[in-house]
Structure formats: C-alpha cells, structure tokens
Amino acid sequence: MAGYILRRLLQAIPVLLGTTFLIYFMVFAMPGDPLLALFGDKTPSPALLESLRQQYHLDQPFIIQYFLYLGGIFHGDFGTSFSGEPVADILARTFPVTIRLAIMALIIEFVGGVLIGLVSGLRKGKLFDASALVVSLIFISLPIFVIAFVAQFIFGIQLGWARTTVSSGAPIQDLILPAFVLASITFAQIVRLTRASVIETQSLDFVRTAYGKGLSRRRIIPVHILRNSLIPVVTYAATDFGVLLVGATVTEGIFNVPGVGRTLYQAIVRGEGPTVVSFVTVMVLIYLVVNLVVDLLYGLLDPRIRYVK
Amino acid sequence: MSNNPPTQTHYVAPLEETPLVAIDTVNVGERPSNLWIDAWRDMRRRPMFWISSVIILLVVLVALFPNLFTSVPPNDNCVLSNSNGAPTAEHILGFTKQGCDVFSRIIHGTSTSLSVGIIVTVLTTVLGILFGMFAGYYGGWLDSVLSRAGDIFFSIPYILAAVVIMSVFSAYRNVFVISLAIGIFAWPATARVLRAEIMRVKNSDYVMASQALGVSRFRILLRHVLPNSIAPVIVVTTISLGAAIVAEATLSFLGVGLPNTTMSWGNDISAAQSDLRTAPQTLIYPSLALSITVLSFIMLGEVVRDALDPKARAQR
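The model shown is predicted, which means the values in this text are computed figures rather than measured ones.

Draft legend 1. A look at the overall build of chain B. On a plain count of helices and strands, chain B comes out with 14 helices and zero strands. Along the chain direction, N to C, the helices and strands of chain B fall in the order α-α-α-α-α-α-α-α-α-α-α-α-α-α. Counting across all 316 residues of chain B, residues that qualify as buried make up 49%. Carbon and sulfur atoms make up 64% of the accessible area of chain B, which totals about 16,300 Å².

Laid out in structure tokens, this is it:
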C-alpha cells in the first residue's frame, strides 16, 4: 500500500508541473504585452499593471518567471484580484458556500442517479428503463445554462417555489434549486453507468450462486449487486469533477450564489483576465487533488488496483 | 455374434430433420459479413438512428443554405419598437431585445455552431489518433511520454482552458480561434480510447501473421491495426461534435466566445438572459435549437456505439 501511495504521488508531480506550466505558458509566453491582452478592451491603471508585473515576475527570463510564480502558489500566494483583494482571501470567504452547494449536488445526483440506475438495470427493457434512458439522454444534451434558465423560469417565476437568486449568506433552502441544476449534469451519466454496471453484475457467477443458494432478492440486490456495481460509478464521478467545476461556475453565476464559481464567472464576464487566470489555476489544482485523493481511496477499497502498474 | 453388424440401439435422425442442417449448410453466394456491415444492419432497424440522422441532415442544410428556410434578414430591418415583441404571422418566434427576428437569427446562427463543432472534432480526432496510435502501438518510453502529455492536457477541464485562452486572445475572437481553444484541450479523450483499443488489437493473430510475412511494423500499423481499432474513435467523434457545440455556446454565454457581431446561439442566449421574466421566447427558442442539435449528435453516437460494440448491444 505504501508503494502504491508513493507511486501515485510521484506520478502526480509531472502532471502538477505540466498543468501550471501550460497555463503560465498560454498566458505569458504570448507576443506583445500579455497583461494588456488579458484586459481586453479595458485599460488598467499603471499601478495595477506594475503590481501584476511583480506578481508574475515579468521582468525575469521566462523559465525563472514560471518557477517564481510556482513558488508563490505553493506559499498560498495566488495573486490579487482586480479589486485588489488577495485571491487567497476571496477563496477563504467563498469556498464554504461552494462546498455546501457541491455536497448538496453530490448527494442529489448520487442518491437519485444510483436509485434510478439500479431500478432501470433490474427492469431492463421495461417502460421505466426506456423512459429513464430517454430522459437521461435529454439531460446529457442540455447545456447547463439552459437547464439553469429553464429551472429558474419554471420553479422561480412560473410556480414561485424557489427564489431565482440566492439571498446573502446562502441559506440551505435557497441553494436547493441551484443544487438540483448542478446535479443534473452528472446525474444522467450516473443513471446510465449504474444501469450498465448493474446489468453486467447481475450476469456474474457470484450473483447466480447467491440466487442458487436461496438468498432473497432483498439481500442480493443491495449487498451483491449494488455494492459491486458502484466501482465504475465512483470512478466516473472523480474524472467528471472537472465538469462539475465548470457547472458550478455557470450555476453560481446564474443563481448569484456567492461562491468560488460566481467569482470566476464575474471575472470572466467583466473581462478581468488576471483574476480569471488565478481562479482557473486554483480550480485545476483542486481538480488534481480530488483525483489524487480518489485514486488513493481506490487503492484502499479495491486491492486489485494497487498491483496494476 | 461378432460377425453380425451391431444393431442400432439409439435412434439417429437423418441430418435433414435436425436443426443442425441450418448450421451445416454454407451459403456460398452470401456476402461476407464484417463489423461495419453488421453495424449497418443493426443501425438501420433502430428508429433513433433515423430520427437523429434526419435532424442532423436538416441542421446541415440550414447551415449551408439559411436563405431557403427564412426570407427575413437576421440583422437588417431590426426595429427597436419591436423590442422583445410577441410572435406575429411573419415573425413566428417573436423579436429579440434589439427588435430582430428570433427565428431568422436562429437559422443564420446554425452555421456558426456547426462549424465550431466540425473544426473542433477534426482537430481532436487528428491529434487523438496521432497521439493514441503511436502511444498504443509502439509502447515503451514513447507511450510514457505521449501518455503523460495527454494526462497534463486532460487535467485541465477544457472549458476552463478555453476560457483562459480566449481571455488572452481577446483581440482575435473568431470561429477558428475558439475551435482551437476548445480542441487543444479536448483531444486526450480520443487518444486514450484509441490507445487502449490499439493495445488490444496489436496482439491479434493477423498482426502476428503479417509480422511473420515480413511486413514492416509501420505498414502493419496503418494497414491492419489502425483500421481495426477505429470503431471506438468514431463513437467518441460523434459525441464530441455535440460537446463542442455546447462548449462554444457556453463560452459565448460567458462572454469570452464569439463577438456579439457574430450570430451564434450562445450569443443569443447570453443576450436574452436578463429578459427571462418579460420575454422568455428570446431565450427558450435558441436554447431549443441548441439542445435539439446536440441531442441528435449524442443520440447518433449512442446508436453507433451500440451497433459497433456487441457488449453494449447485449445490455440493451
């Protein structure tokens, strides 16, 4: 197990260096003044430009620039936003809200997705299964902002069940609608994966044995079928965490949830390039860490994975 | 007793009366079947294949010849007094905030979405095939280098990467730049699928036979391994066309996509968002056009996957 952890950690280093380098390269290796390009049609003040130049070490040769910048990141220095507030402070303020929203969305998509997928898989070819497949296909095709607007229109404006925007402090009841919207993107994939996995597990020998020795369906379904069907579902959830990050950006922006996503959303919409770069870097780092943690958890859950190179 | 022939103790039916006759006869005139013929036979029986194909064909027609579908010019004749106006007989979907015809703008925006989808897909497929092919076939250090490179690009969610690229290239926002921005980070998915398939195929008997005959390694790759590994790539390609259209719309919606002067569904949805309460039609109809197009591509991808993968067929 220790060898497995060490190997995964070592593998993460080149990816970490590569991703940060790639972002830095895309932004600052461009001809012309990268800072002016980042601001688009806006003109930043000379003082701001000067501080950004220091933050990204633009007076040094490129490789040294990058390593100084990387060193800053490891010290928790992600730069300052357009308004002059350190990005680390904004993160500290907005992160709890995003975590709350993300956990709600994860619960909704897992409980709902796995349940519907399980029932679909068990009743393969029946009406429930067919309709679940069609509905999930529609959800996969709808862009997140369309789902968000339709939800806002139906539940917020027409029915009046929920507030169209979240009030300050982001109380749980206001976050229910955005959480459902955020959950909807991966929900459909979880339904389909669970279904396929349940169908496959059902045909395996140990399930037949369980039926053969007379166990009841009430025991076989949760213990034998469901537990063994969940492995690909959890893998998917980890790799698709990136989709969730983008989804959170759009959802928080539309529903005005005061989280990390909305900060990025507003920076993008206002064309505040340097803030966008800082937040994208942070999100990529979060994504990498989540994937690493899930990989390590796997080694713990499934001994077979530890031995595969 | 030993001189007599053994008496028959079991009844053996003549071959013509058994089900074996069906297996035993070989129809010499029958065309040899292969993966593609089987797949086509499977697909053409499914209504989903025909529905999605017809919609895609229609979308392509609309993109190529928008004037066949609407005679209203999309941007001229916009009258501000019609702002967010209700549908009329000539303007069946109503008016946008600028007083332009919603239907006409949707029709004329089709080519933008479709071109981005096609350019991104060509780019990701070419890059994905190059990286996946060499990594999977040659293995060793080349595989390590190419796969790690893929991991790095895969670790940045491609819409976030595109947001950064489009922020940097804010002065050059056009269909090509946005397609590049999406495609450059979206190819590792294709490469991974192809790499896995090539690693499976390269151990086949026919590859070994070619090696024994003295065919060069590169020629085997092009002649035998690649054609036999391409099926999963086609599935990914079809689905990624839909995903690329969504990505363009998302970027335009965020305001880092195409400039407002370019007609695109994403731009129209973005412009309409503040009027959701008063004029939902300006938002709903472009969203509908976008969703139906993407749905068709994803549906087609699903059908193709089911047809090409016998395992998926069994699960249906």
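Draft legend 2. Fine view of unusual backbone geometry. Unlike most non-glycine residues, Asn256(A) shows phi in positive territory, near 60°. Here Asn256(A) is to be found in the loop between α11 (241-255) and α12 (260-270).

Draft legend 3. Representation of the interface of chain A and chain B. In this assembly, 46 residues from chain A lie in contact with 43 residues from chain B. Interface area, chain A with chain B, both sides summed: about 4,000 Å², of which 79% is carbon and sulfur. Viewed at the interface, chain B and chain A are joined by one salt bridge. Among the salt bridges present, the one from Glu302(B) reaches Arg192(A), with a minimum N-O distance of 2.7 Å. At the boundary of chain A with chain B, the tally comes to one residue pair in polar contact (both at pLDDT 80 or more).

Draft legend 4. A look at the packing of aromatic side chains. Counted by the stated rule, this structure contains twelve aromatic pairs over all chains. Summarising the aromatic geometry, the rings of Trp40(B) and Trp50(B) are spaced 6.3 Å apart at their centres and angled 70° between planes, so their arrangement reads as edge-to-face. Residue Trp40(B) is located in helix α2 (residues 35-44), and its partner Trp50(B) is located in helix α3 (residues 47-64); the two are separated by ten residues in the primary sequence. Overall, the relative accessible area of 38% leaves Trp40(B) in the partly exposed class. Here the aromatic cluster, defined as three or more aromatic residues joined through ring pairs, consists of Phe145(A), Phe149(A), Tyr265(A) and Phe253(B). Of note, Arg192(B) hangs over the ring of Phe154(B), and the distance from its end group to the ring centre comes to 4.1 Å.

Draft legend 5. Inspection of the pattern of salt bridges at higher detail. Under the defined criterion, the tally for this structure stands at ten salt bridges over all chains. Note that Arg208(A) is salt-bridged to Asp205(A), the shortest N-O span being 3.8 Å. Highlighted residues: Arg208(A) and Asp205(A), both in helix α9 (residues 205-212), separated by three residues, approximately one helical turn. The salt bridge involving Arg41(B) is made with Asp38(B); its shortest N-O contact spans 3.9 Å. Taken together, the residues span about one helical turn, with Arg41(B) and Asp38(B) both in helix α2 at a distance of three residues. Judged by relative accessible area, Asp38(B) falls into the partly exposed class, the value being 34%. One network of salt bridges, in which partners are shared, links Arg148(B), Asp151(B) and Arg192(B).

Draft legend 6. Spotlight on the packing of helix α8 (residues 188-201) of chain B against helix α10 (residues 217-229) of chain B. All names here are of chain B. Between α8 and α10, the shortest axis-to-axis distance is 9 Å and the interhelical angle comes to 120°. One way to sum up the angle between α8 and α10 is to call them oblique. Judged by the sense of rotation from one axis to the other, the crossing of α8 with α10 is right-handed. Taken together, the residues of α10 that come into contact with α8 (itself represented by Leu194, Glu197, Ile198 and Val201) are Leu221, Val225, Leu226, Asn228 and Ser229. In terms of residue class, the contact of α8 with α10 is built from six nonpolar, two polar and one charged.

Draft legend 7. Seen up close, a nonpolar patch on the surface. Residues and elements named next belong to chain A. On the surface, Met1, Ile5, Leu9, Val289, Val293, Leu297 and Leu300 cluster together into a nonpolar patch covering about 580 Å² of accessible area. Only α1 (2-28) and α13 (273-301) provide two or more residues apiece to the nonpolar patch. Ranked by the residues each element gives to the nonpolar patch, the list is headed by α13, at four residues. Looking at where Leu297 falls in the secondary structure, it is placed in helix α13. Accessibility expressed as a relative area gives 44% for Leu297, which makes it partly exposed.

Draft legend 8. Quick look at the side chain of Thr20(A). Residue and element names in this part refer to chain A. For Thr20, the position within the fold is in helix α1. With a relative accessible area of 4%, Thr20 lands in the buried category. Once residues within four sequence positions are removed from consideration, Thr20 is found in contact with Tyr66, Leu70 and Leu285.

Draft legend 9. Here's a closer look at the nonpolar core. Counting 120 residues, the largest nonpolar core has Phe145(A) and Leu290(B) as its most contacted members. The biggest single contributor to this core is helix α13 (residues 281-308) of chain B, with 13 residues. When neighbours within four sequence positions are excluded, Phe145(A) is seen to be in contact with Val250(A), Ile254(A), Ala249(B), Thr250(B), Phe253(B), Ile269(B) and Leu290(B).

Each value, and the rule that gives it
- Residues numbered from 1 in each chain as written.
- Chains lettered and ligands numbered in written order.
- Predicted model: local features only at pLDDT ≥ 70, side-chain atom pairs only at ≥ 80, totals over all residues.
- Heavy atoms only, no water.
- Helix = DSSP H or I, 4+ residues; strand = E, 2+ residues; numbered from the N terminus.
- Buried < 20%, exposed > 50% of the residue type's maximum accessible area, 1.4 Å probe, protein only.
- Areas by Shrake-Rupley, 256 points an atom, 1.4 Å probe, with all protein chains shown as cover.
- Contact = heavy atoms within 4.5 Å.
- Buried area = accessible area lost by both parts, 1.4 Å probe.
- Salt bridge = Lys/Arg side-chain N within 4 Å of Asp/Glu carboxyl O.
- Polar contact = N/O pair within 3.5 Å; in protein donor to acceptor, adjacent residues only side chain to side chain.
- Phe/Tyr/Trp six-rings, centres within 6.5 Å; stacked < 30°, edge-to-face > 60°.
- Lys NZ or Arg CZ within 6 Å of the ring centre and 35° of its normal.
- Axes fitted to C-alpha atoms, helices over the stretch in contact; angles between N-to-C directions.
- Parallel < 35°, antiparallel > 145°, perpendicular 65-115°, else oblique.
- Left-handed = near helix turned anticlockwise from the far one by under 90°.
- Nonpolar A, V, L, I, M, F, W, Y, C, P; charged D, E, K, R; others polar.
- Patch = residues over 30% accessible without salt bridge, like charges linked within 9 Å, V, L, I, M, F, W, Y side chains within 5 Å.
- Core = buried A, V, L, I, M, F, W, Y, C linked by side-chain atoms within 4.5 Å.

Without other data, these values stay purely geometric and don't point to any function.
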